[in-house]
Amino acid sequence: MQTLVTGGAGFIGSNLVRALVETGHQVTVLDNLLSGYRSNLEPFPQIRFIESDVRDPDAVAQAVQGAEVVFHLAASVGNKRSIDNPRGDAEINVLGTLTLLEACRKAGVRKIVTSSSAGIFGELKTIPIREDHPIEPDSPYGCTKLCEEKHCLVYAKLYPPFSAVCLRYFNVYGPNQRFDAYGNVIPIFVFQMLRGEPLTIFGDGEQTRDFVHVKDVVQANLKAAMTRSVSGAFNIASGTRITINRLVELISQAAGLTPQLRHGPPRPGDVRHSLADVSKAATELGYNPAVGLEEGLAEYVQWAASELARGKTG
Ligand SMILES: NC(=O)c1ccc[n+]([C@@H]2O[C@H](COP(=O)([O-])OP(=O)(O)OC[C@H]3O[C@@H](n4cnc5c(N)ncnc54)[C@H](O)[C@@H]3O)[C@@H](O)[C@H]2O)c1
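First, a word on scope: everything that follows refers to the structure included in this document.

Basis of the calculations
Residues numbered from 1 in each chain as written. Predicted model: local features only at pLDDT ≥ 70, side-chain atom pairs only at ≥ 80, totals over all residues. Helix = DSSP H or I, 4+ residues; strand = E, 2+ residues; numbered from the N terminus. Rg over C-alpha atoms; globule rule 2.2 N^0.38 Å. Contact = placed C-beta atoms within 7 Å. Near = placed C-beta within 6 Å. Nonpolar A, V, L, I, M, F, W, Y, C, P; charged D, E, K, R; others polar. Pairing = 2+ DSSP bridges. Axes fitted to C-alpha atoms, helices over the stretch in contact; angles between N-to-C directions. Expected span 1.5 Å × (residues − 1). Buried ≥ 20, exposed ≤ 12 C-beta atoms within 10 Å, placed from the backbone. Arc of directions from axis to C-beta. Core = buried A, V, L, I, M, F, W, Y, C linked by C-beta atoms within 7 Å. Right-handed = clockwise from strand over helix to strand, strands pointing away.

### A word on the overall build of the chain
A tally of helices and strands in the chain yields ten helices and 13 strands. Over its C-alpha atoms the chain spans a radius of gyration of 19 Å, differing by no more than 12% from the 20 Å that the globule rule assigns to 314 residues. Principal-axis analysis of the C-alpha atoms places the extent of the chain at approximately 55 × 45 × 35 Å. Residue pairs at least 24 apart in sequence account for 77% of intrachain contacts in the chain once pairs closer than 6 positions are excluded.

### Describing the site of the ligand
Of all residues adjacent to the ligand, which total 28 residues, the nearest are Gly-7, Gly-10, Ser-35, Gly-36 and Ala-75. Only α1 (11–22), β2 (26–31), α4 (86–107), β5 (111–117) and β7 (171–173) provide two or more residues apiece to the shell around the ligand. The dominant element in the shell around the ligand, judged by the number of residues it contributes, is α1, at three residues. For the shell around the ligand, the per-class residue count stands at 14 nonpolar, eleven polar and three charged.

### Quick notes on the sheet that holds strand β11 (residues 232–236)
Strand order across the open sheet formed by seven strands is β3-β2-β1-β4-β5-β6-β11, with parallel pairing between neighbours. Each edge of the open sheet carries a strand with a single partner, namely β3 (48–51) and β11. The sheet shows a mean angle of 20° between the axes of neighbouring strands, taken without regard to direction.

### Some remarks on helix α10 (residues 293–309)
End to end, α10 covers 24 Å across 17 residues, agreeing with the expected 24 Å (1.5 Å per residue, within 8%). Regarding α10, the residues found buried are Leu-293, Gly-296, Leu-297, Tyr-300, Val-301 and Ala-304. Taken down its axis, α10 places every buried residue within 135° of arc, on the same side. Along α10, exposed side chains directed more than 90 degrees from the buried face belong to Glu-295, Ser-306 and Ala-309. Those residues of α10 hidden inside the fold are in contact with β7, α6 (185–194), β10 (211–213), β12 (242–243) and α8 (244–255). Following α10 by one or two positions, Gly-311 has its phi on the positive side, about 85°.

### Some remarks on the nonpolar core
Residues Val-70, Val-190 and Ile-236 are the most contacted members of the largest nonpolar core, which totals 82 residues. In this structure Ile-236 touches Leu-167, Arg-168, Tyr-169, Val-212, Val-217, Ala-220, Val-278, Ala-281 and Tyr-287, once residues within four positions along its chain are discounted.

### Quick notes on the pairing of β5
The buried fraction of β5 is high, at seven of seven residues. Here β5 shows a buried face lined by Lys-111, Val-113, Ser-115 and Ser-117 and a second buried face lined by Ile-112, Thr-114 and Ser-116. Relative to β5, strand β4 (residues 69–72) is paired through four bridges, and the arrangement is parallel. If you follow His-72 over to β5, its bridge partner there is Thr-114. For the handedness criterion, the β-α-β arrangement of β5, helix α5 (residues 140–158) and strand β6 (residues 163–169) is classed as right-handed.

### Description of unusual backbone geometry
With an omega of -5°, the peptide bond between Ile-127 and Pro-128 qualifies as cis. Mapped onto the elements of the fold, Pro-128 is located in the loop between β5 and α5. Look at the link from Pro-160 to Pro-161: it is a cis peptide, with omega at 10°. Tracing the sequence through the fold places Pro-161 in the loop between α5 and β6. The backbone of Asn-176 shows a phi angle near 80°, a positive value even though the residue is not glycine. Summarising the element assignment, Asn-176 is placed in the loop between β7 and α6. Looking at Asn-176, the number of C-beta atoms within 10 Å reads 20, which means it is buried. The phi angle at Ser-229 is positive, at roughly 45°, despite the residue not being glycine.

Structure, rendered in structure tokens:
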């Protein structure tokens, strides 16, 4: 199958590219390297890489040429980034997505699989979170990810047999996820622990999160691409939750280190508990999260240690 991966030089995108290449698919990547890395694609010399912007109609038209399925991951990612630059967030996530959808329509692409976020739900009212949970985003990013979903689904309604699958990721972690200022707790804790720096737990640490390994997110993308004529939005998570205190214990076991802990006040806007109901994706896409947190963390700690050993700061 011929595919396009927008944002393929990023964390999740590069893991998806690996899986596509390993299963014999042809891959084009469109990425402007805003938060992605050329080095993430070095292991795959067989792919076509277009260093360009998803908002550029000519580059996007060239990228979708011949593609049967488009995986759309290019985005301005994260709540904080969107609060710092709401206009930039909207230009990439809304106008970039529309530019891509128009190119898909003109080129006769069969399906788009887009990367949405649990951030669209906003404050959580019921647990576990089903797809029909109230949607009240509390950041510009949550709004633009919702808009991205809606535009994809509108194109599926307007232009059959084109179909659109919107995957709402919860907290994703795994190799190629760098230490980042935009709040992903696993890379922050792992890199801090490996560097011998103290870890800060906000609040009492008894808040819970649903962490999903990037291999399972990749599995969801592949299954969404293969499932014919399904359109809709699906939660993609592990369907299990863990407290931040227990997460710290598991990371220290995986790293064989005892961290120095600091406690800070709860962060405004942080939800207390998060847990996804993934049964819709299981039933309709055959999604079956398979990587346990202990196993996934052991692999991630190893990856982070090798990055630090190569002189990368994370
Ligand atoms: N990591 C998570 O926990 C998580 C959770 C929910 C949703 N998502 C979504 O998954 C997708 C991938 O996220 P990620 O975590 O891999 O982040 P990432 O920042 O590593 O990847 C995003 C990629 O998009 C590229 N990009 C940004 N703007 C672009 C533009 N204008 N044109 C072309 N390329 C552009 C970046 O260079 C980068 O390679 C995003 O759509 C994000 O919203 C991620």
